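Next come the chains, spelled out residue by residue.
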Amino acid sequence: RLPFGRHGIARWPLLATAHRSAWLVRWSTGARLPLHDHGGARGLVRVLEGAVVERALRRLDAGGPRWIRHALARGTTRLFPSGVVHELVCAHAHE
């Protein structure tokens, strides 16, 4: 098991190239990755165990910014486009 680090999260890099990166992330229940973006990169979140909640900030042409919530259960994959600003919270860890 990866030991928990800062914010109750453990991260292990799996791949790092000029154009791609992949990480294995282990969360404790309630752990949060604060609001962040990925620059111009697209992204993917895959939940192997437990559950994660993503809150993404979306810009709407007519209505201004809006929060969108995605509940990600075990086995769920979420793809997100470039430019997304989001935060992730572990709703339930399998410990």
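Notes on the structure in this doc start here. (Residues numbered from 1 in each chain as written. Predicted model: local features only at pLDDT ≥ 70, side-chain atom pairs only at ≥ 80, totals over all residues. Heavy atoms only, no water.)

### Examining the nonpolar core
(1) Moving on: Judged by nonpolar contacts, the single largest core of 14 residues is most densely connected at Ile-9, Trp-27, Leu-33, Val-45, Val-47 and Leu-88.
(2) Moving on: Listed by contribution, the elements that provide at least two residues to this core are strand E5 (51-60) and strand E8 (85-92).
(3) Moving on: Ignoring any residue separated from it by four or fewer positions in sequence, one finds Val-47 in contact with Val-52, Leu-72, Ala-73, Arg-74, Gly-75 and Thr-76. (Core = buried A, V, L, I, M, F, W, Y, C linked by side-chain atoms within 4.5 Å. Buried < 20%, exposed > 50% of the residue type's maximum accessible area, 1.4 Å probe, protein only. Helix = DSSP H or I, 4+ residues; strand = E, 2+ residues; numbered from the N terminus. Contact = heavy atoms within 4.5 Å.)

### Some words on the layout of surface pockets
(1) Moving on: Taken as a whole, the largest pocket encloses approximately 1,400 Å³ of empty space.
(2) Moving on: Taken together, 39 residues form the lining of the largest pocket, with Trp-23, Leu-24, Val-25, Leu-44 and Val-45 sitting closest to its centre. (1 Å grid on protein atoms, 1.4 Å probe; cavity = no way out; pocket = protein on both sides within 12 Å on 5 of 7 lines; lining within 4 Å. Points joined across faces, edges and corners; volume = space filled by probe spheres on them.)

### What to know about a nonpolar patch on the surface
(1) Moving on: A cluster of nonpolar side chains, Trp-12, Leu-14, Leu-15, Leu-24 and Leu-48, forms an exposed patch at the surface whose accessible area comes to about 510 Å².
(2) Moving on: For the nonpolar patch, the leading source of residues is strand E1 (residues 9-16), giving three residues.
(3) Moving on: Summarising the element assignment, Leu-48 is placed in the loop between strand E4 (43-46) and E5.
(4) Moving on: Note on Leu-48: relative accessible area 54%, which makes it exposed. (Patch = residues over 30% accessible without salt bridge, like charges linked within 9 Å, V, L, I, M, F, W, Y side chains within 5 Å. Areas by Shrake-Rupley, 256 points an atom, 1.4 Å probe, with all protein chains shown as cover. Salt bridge = Lys/Arg side-chain N within 4 Å of Asp/Glu carboxyl O.)

### Thoughts on the side chain of Arg-78
(1) Moving on: One can find Arg-78 in strand E7 (residues 77-80).
(2) Moving on: Arg-78 sits in the buried class, given a relative accessible area of 11%.
(3) Moving on: A distance of 2.4 Å separates polar atoms of two side chains, one belonging to Arg-78 and the other to Glu-54.
(4) Moving on: The contact partners of Arg-78, leaving out residues within four places of it in the chain, are Gly-43, Leu-44, Val-45, Glu-54, Arg-58, His-70 and Leu-72. (Polar contact = N/O pair within 3.5 Å; in protein donor to acceptor, adjacent residues only side chain to side chain.)

### Brief notes about the packing of aromatic side chains
(1) Moving on: Scanning the model with the defined rule gives zero aromatic pairs in all.
(2) Moving on: Against the face of Phe-4 rests Arg-26, its NZ or CZ located 4.1 Å from the ring centre.
(3) Moving on: The ring of Trp-67 has Arg-55 sitting right over it, with the charged end atom 3.9 Å from the ring centre. (Phe/Tyr/Trp six-rings, centres within 6.5 Å; stacked < 30°, edge-to-face > 60°. Lys NZ or Arg CZ within 6 Å of the ring centre and 35° of its normal.)

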